Amino acid sequence: MVQDSARQAPSVTPATPARALLPSILPALAVGVVSSLLLVGVEAAAEELQGVLWRTVPDALGVGRYSVAWMFVMLVATGVAVGLVVWKVPGHAGPDPATVGLDAPVLPPVVLPGLLLATALMLAGGPSLGPENPIIAVNVGLAVWLGGRALPRAPGRIWPALAEAATIGALFGTPVAAALVISEVLARQETRGLLWDNLFPPLTAAAAGALTATLVDHPSFDLDLPSFGRPGWGDLSAAVLVAAAGALLGMGAVRAFPYVHAAFRRLRHPMLMLPAGGAVLGALAALGGHLTLFKGLDEIAELAHDPDGRSAGEFAVLTVVKLAALLVAASCGFRGGRIFPAVFVGTALGLCAHALVSGVHPAVGVSAGVLGVLLAITRQGWISLFVAVLVASPGIITLLCVASLPAWLLVTGRPQMQLRPDGTPVR
C-alpha cells in the first residue's frame, strides 16, 4: 500500500535555493547595463550619421533628400562601405548574416569592432534590416570574453544567455520579450529546477537592459492606432484571415531566401555582393519610396499615424517592396536582423486589409499582419505574439491567440528566414 501511494504521488521539481541564485545578480546586472548601453550607443551613432547622409549632405548639394537618384547613390555607397569593412577589417564583420539568428554564436573579440562598424553603417545607410542580430552577437562575444576573465569559475554558458536576454530587453524596452524568447530556448534544452529558477539570471539581465534603455533612450512601440474596444465575431474573422495572409506572404519570402542568397553568393566577393545588393535596394526604393528604407520603426509610426491616408494599392506596394528589400538586404551580406522590417511588412499588410475592407479595425489588421509575418520569418511564436500586442493594444491579445493557431499550422515544420553555412534552410 505504501509503495502504491508513493507511485501515485505527483513528482515535484525541486526548487533552487536562493543562495544559489544570489551570486548571479551582480553579473546579470552588469551584463544588462553594458549590453543596453552598447545598443543605444550604436543606434545613436547611426542616427547621427543618418542625419548627415540623408539631410545635411543632400541639402548642401541641392538635391532632394529622398529623390530617386539620391536613394540609389546612398544605397550603393552603403554597399561599398560595408563591403570594404567585410573585406578589409580583421574578422570580416563576422559570419554570413544569413546564417545567424537571435541565438548568436560566440565570436572572438577581433571580430566585434568590424561587426559594430558594419552594423552602424548599415543602419545609417538605409538597407531594410534592424540592429538585433549583430548587436546580440557583439554583446554575447563581449560578455563571454570579459565575463570569463572577471569570473573564471562561472559556467561559460551563462554569459551568452545573459547577453541575449539583456539585448532583447533593451531592444523592446521590457524584459517580458526576453523572458519569452529564453523560455522557448529552455523548452528545447534539458534543464534542472523550476522554470523561473532558470529564468532568474537572464530575466535580471533583461530587466537591467530594459531599464537602462528606457532611462537613456526612451524606446517606444506605441503606434497610436485608433483605440480598439470590445472584440466581435467580425474582428475574430479578420484577425484569423489577416494573420494567415501574413504567414503565407512571409513564407513566400522564406522560400525565396536560399535562392536569392545563392544568386548573390555567386559574385563571391563582398565588394561585388554588397554594392550589387545596394543597387537592387536602390531600385526597390524607387518603387516604394523612402518609407521602405531603414529598419522601419520610425516609418511604421508614420504609416500608422494616418491609417486612412493611403489606398489599398499603395499599402500593397509598400508591403511587397519592403518584403523584397528585406529579402535582398538579408541575402547580399548586410549585417542586420530581420524582425523590425518584418514588423513594417505586417503593419503595411494590416493597413492594406483595413483599406480594402473598412470593417477591419486598423489595430486588428496591423497586429494580425505583424503576427503572421513574424511567425513565418522567425518561427518563434512567443516573440511574434508579443510584438503583435506591443504595436497594437493589450486588449487584442485574445484575438491574436486565436489567430496564431491557424497561422502556426501554416508555418510549423517549414523553413525560417535563416540558412545553414551550406546554404540550406533552417527548419
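Residues numbered from 1 in each chain as written. Predicted model: local features only at pLDDT ≥ 70, side-chain atom pairs only at ≥ 80, totals over all residues. Heavy atoms only, no water.

Novice: What am I meant to see in the packing of aromatic side chains here?
Specialist: Pairs of aromatic rings are described using the distance from one ring centre to the other and the angle between the two planes. Counting across every chain of the model gives three aromatic pairs. Between the aromatic rings of F172 and F340, the centroid separation amounts to 6.1 Å while the plane-to-plane angle is 15 degrees, which identifies the pairing as stacked. Separated by 168 residues along the polypeptide, F172 in helix α7 (residues 158–172) and F340 in helix α14 (residues 339–356) bring together distant segments of the chain. Of the two residues, F172 and F340, both sit in the buried class. By way of ring pairs, the aromatic residues W54, Y66 and F294 are connected into one cluster. Lying over the aromatic face of W87, K88 brings its terminal NZ or CZ to 4.1 Å of the ring centre. (Phe/Tyr/Trp six-rings, centres within 6.5 Å; stacked < 30°, edge-to-face > 60°. Helix = DSSP H or I, 4+ residues; strand = E, 2+ residues; numbered from the N terminus. Buried < 20%, exposed > 50% of the residue type's maximum accessible area, 1.4 Å probe, protein only. Lys NZ or Arg CZ within 6 Å of the ring centre and 35° of its normal.)

Novice: Can you help me understand the nonpolar core in this one?
Specialist: In this structure, F172, F334 and V387 are the most contacted members of the largest nonpolar core, which totals 125 residues. In this structure, F172 is in contact with A177, F221, I339, I383, F386, V387 and L390, ignoring residues within four places of it in sequence. (Core = buried A, V, L, I, M, F, W, Y, C linked by side-chain atoms within 4.5 Å. Contact = heavy atoms within 4.5 Å.)

Novice: Just checking my understanding: could you explain empty space enclosed by the protein for this structure?
Specialist: Think of a ball as big as a water molecule: rolled over the atoms, this probe shows where empty space is left. Taken as a whole and assessed by the stated rule, the structure comprises two cavities of 30 Å³ or more. Here the largest cavity defines a volume of roughly 100 Å³. Every residue along the wall of the largest cavity is listed here: A93, P95, P97, V100, L107, L115, N133, P134, A137, R335 and G336. In terms of residues, the lining of the largest cavity owes the most to one element, helix α6 (residues 132–150), which gives three residues. Residues that form the lining of the largest cavity fall into these classes: eight nonpolar, two polar and one charged. If you go around the second largest cavity, the residues you meet are L75, G126, P127, S128, L281, L284, A285, T292, L293 and A325. Per element, the largest residue contribution to the lining of the second largest cavity is three residues, and it comes from helix α11 (residues 270–288). Taken together, the residues that form the lining of the second largest cavity break down as seven nonpolar, three polar and no charged. (1 Å grid on protein atoms, 1.4 Å probe; cavity = no way out; pocket = protein on both sides within 12 Å on 5 of 7 lines; lining within 4 Å. Points joined across faces, edges and corners; volume = space filled by probe spheres on them. Nonpolar A, V, L, I, M, F, W, Y, C, P; charged D, E, K, R; others polar.)

Novice: In this structure, what is going on with the side chain of H261? I would like to understand it.
Specialist: Position of H261 among the secondary structure elements: in helix α10 (residues 233–265). Setting aside anything within four residues of it in sequence, one finds H261 in contact with D96, A98, S331 and L419.

Novice: Hey, could you run me through unusual backbone geometry in this one?
Specialist: Its identity as a non-glycine residue notwithstanding, H92 has a phi of 55 degrees, on the positive side. Mapped onto the secondary structure, H92 falls in the loop between α4 (68–88) and α5 (112–125). Judged by relative accessible area, which is 44%, H92 ranks as partly exposed. One non-glycine residue, R379, adopts positive backbone phi at about 55 degrees. If you trace the backbone, R379 turns up in the loop between α15 (362–378) and α16 (381–391).

Novice: What am I meant to see in the packing of helix α13 (residues 312–332) against α14 here?
Specialist: Angle between the axes and distance between the axes are the two parameters that describe a pair of packed helices. Packing of α13 against α14 leaves a shortest axis separation of 8 Å and a crossing angle of 160 degrees. Relative to α14, α13 is oriented roughly antiparallel. In the packing of α13 onto α14, the handedness of the crossing is left-handed. Note on element contacts: α14 touches α13 through P341, A342, F344, V345, A348, L349, L351, C352, A355 and L356, opposite A312, F315, A316, L318, T319, K322, L323 and L326. Taken together, the residues of the contact of α13 with α14 sort by class into 16 nonpolar, one polar and one charged. (Axes fitted to C-alpha atoms, helices over the stretch in contact; angles between N-to-C directions. Parallel < 35°, antiparallel > 145°, perpendicular 65-115°, else oblique. Left-handed = near helix turned anticlockwise from the far one by under 90°.)

Novice: Sorry, what's going on with the environment of A206 here?
Specialist: Along the polypeptide, A206 turns up in helix α9 (residues 195–216). Its relative accessible area of 0% is what places A206 among the buried residues. Note: C-alpha distance between A206 and A179 (27 residues apart in sequence) is 7.9 Å. Aside from chain neighbours lying at most four places away, what touches A206 is A165, A166, G169, P175 and A178.

Novice: Before we go on, may I ask you to explain α16 in this structure?
Specialist: The α-helix winds at 3.6 residues per turn, so residues separated by three or four positions along the chain end up facing the same way. Most of α16 sits inside the fold, with eight of its eleven residues counted as buried. Among the residues of α16, those classed as buried are I383, S384, L385, F386, V387, A388, V389 and V391.

Novice: Would you explain the pattern of salt bridges in this entry?
Specialist: Close approach of charged atoms lets side chains of opposite charge pair. For the structure on display, the rule yields two salt bridges. Among the ionic pairs, K295 bridges to E43, the shortest N-O distance being 2.9 Å. Of the two residues, K295 is situated in the loop between α11 and α12 (297–305) and E43 in helix α3 (residues 25–61); the sequence distance between them amounts to 252 residues. With a shortest N-O distance of 2.6 Å, D59 and R65 are connected by a salt bridge. On the basis of relative accessibility, which here comes to 41%, the residue D59 falls in the partly exposed class. (Salt bridge = Lys/Arg side-chain N within 4 Å of Asp/Glu carboxyl O.)

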